[in-house]
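Here's the letter readout for the chains.
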Amino acid sequence: MKTMSRHLAENFSAQYRTRVEPQSDGQLLVRVSYPINGVEAIRVIAGRQVQNTLLVETLLEDIRNELARSG
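Residues numbered from 1 in each chain as written. Predicted model: local features only at pLDDT ≥ 70, side-chain atom pairs only at ≥ 80, totals over all residues. Heavy atoms only, no water.

We now examine the overall build of the protein chain. Assigned secondary structure in the protein chain consists of three helices and three strands. In the protein chain, the succession of α and β elements from N to C terminus is α-β-β-β-α-α. At 12 Å, the protein chain has a C-alpha radius of gyration in line with the 11 Å of a compact globule built from 71 residues. Viewed in the frame of its principal axes, the protein chain has a C-alpha envelope of about 30 × 25 × 20 Å. Looking at the 71 residues of the protein chain, the share that counts as buried comes to 30%. Partitioning the intrachain contacts of the protein chain with sequence separation of at least 6 by distance along the chain shows that 35% fall at a separation of at least 24. Total accessible area computed for the protein chain in this model is approximately 4600 Å², and 47% of it derives from carbon and sulfur atoms. Each charge class in the protein chain can be summarised by its mean position, and for the 9 positive and 8 negative side chains these summaries are 3 Å apart. (Helix = DSSP H or I, 4+ residues; strand = E, 2+ residues; numbered from the N terminus. Rg over C-alpha atoms; globule rule 2.2 N^0.38 Å. Buried < 20%, exposed > 50% of the residue type's maximum accessible area, 1.4 Å probe, protein only. Contact = heavy atoms within 4.5 Å. Areas by Shrake-Rupley, 256 points an atom, 1.4 Å probe, with all protein chains shown as cover. Lys, Arg positive; Asp, Glu negative; His and termini not counted. Charge placed at Lys NZ, Arg CZ, Asp CG, Glu CD.)

Rendered as structure tokens:
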């Protein structure tokens, strides 16, 4: 989870609200919201994805694109 939290901190400025919520089944629920326009992007990811930097970067790029389209 530290890897995911670090990636969120590095990829989303303080104007975004980011949260990582561990689930009972071992997956992580990742929430990124942009309070200015009220848009939130949510992803559920498995542990293996968190360990793979390429997958994490792809996930974050996807979230950024979703937030940009909704804004």
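That covers the picture; the talk isn't over yet.
Before going further, it helps to spend a moment on the pattern of salt bridges. Taken as a whole, this structure holds seven salt bridges when the rule is applied. Between arginine 43 and aspartate 62 there is a salt bridge; the shortest N-O distance is 2.7 Å. Residue arginine 43 is found in strand 3 (residues 39-45), and its partner aspartate 62 is found in helix 3 (residues 53-70); the two are separated by 19 residues along the sequence. Its relative accessible area of 15% is what places arginine 43 among the buried residues. Between arginine 43 and glutamate 66 there is a salt bridge, with the nearest N and O atoms lying 2.6 Å from each other. Here arginine 43, found in strand 3, pairs with glutamate 66, found in helix 3; they are 23 residues apart in sequence, far enough to count as distant. When salt bridges that share partners are traced, they join Arg19, Glu21, Arg31 and Glu40 into one network. (Salt bridge = Lys/Arg side-chain N within 4 Å of Asp/Glu carboxyl O.)

With that out of the way, let us pick up the nonpolar core. Nonpolar side chains in soluble globular proteins generally cluster together in the buried interior. By size, the foremost hydrophobic cluster in this structure holds 16 residues, and its most contacted members are Met4 and Ile63. Of all the secondary structure elements, the ones that give two or more residues to this core are helix 1 (2-11), strand 2 (28-34), strand 3 and helix 3. The element best represented in this core is helix 3, accounting for five residues. Once residues lying within four places of it in the same chain are set aside, the contact partners of methionine 4 are Val20, Leu28, Val30, Ile45, Val50, Val56, Leu59 and Leu60. (Core = buried A, V, L, I, M, F, W, Y, C linked by side-chain atoms within 4.5 Å.)

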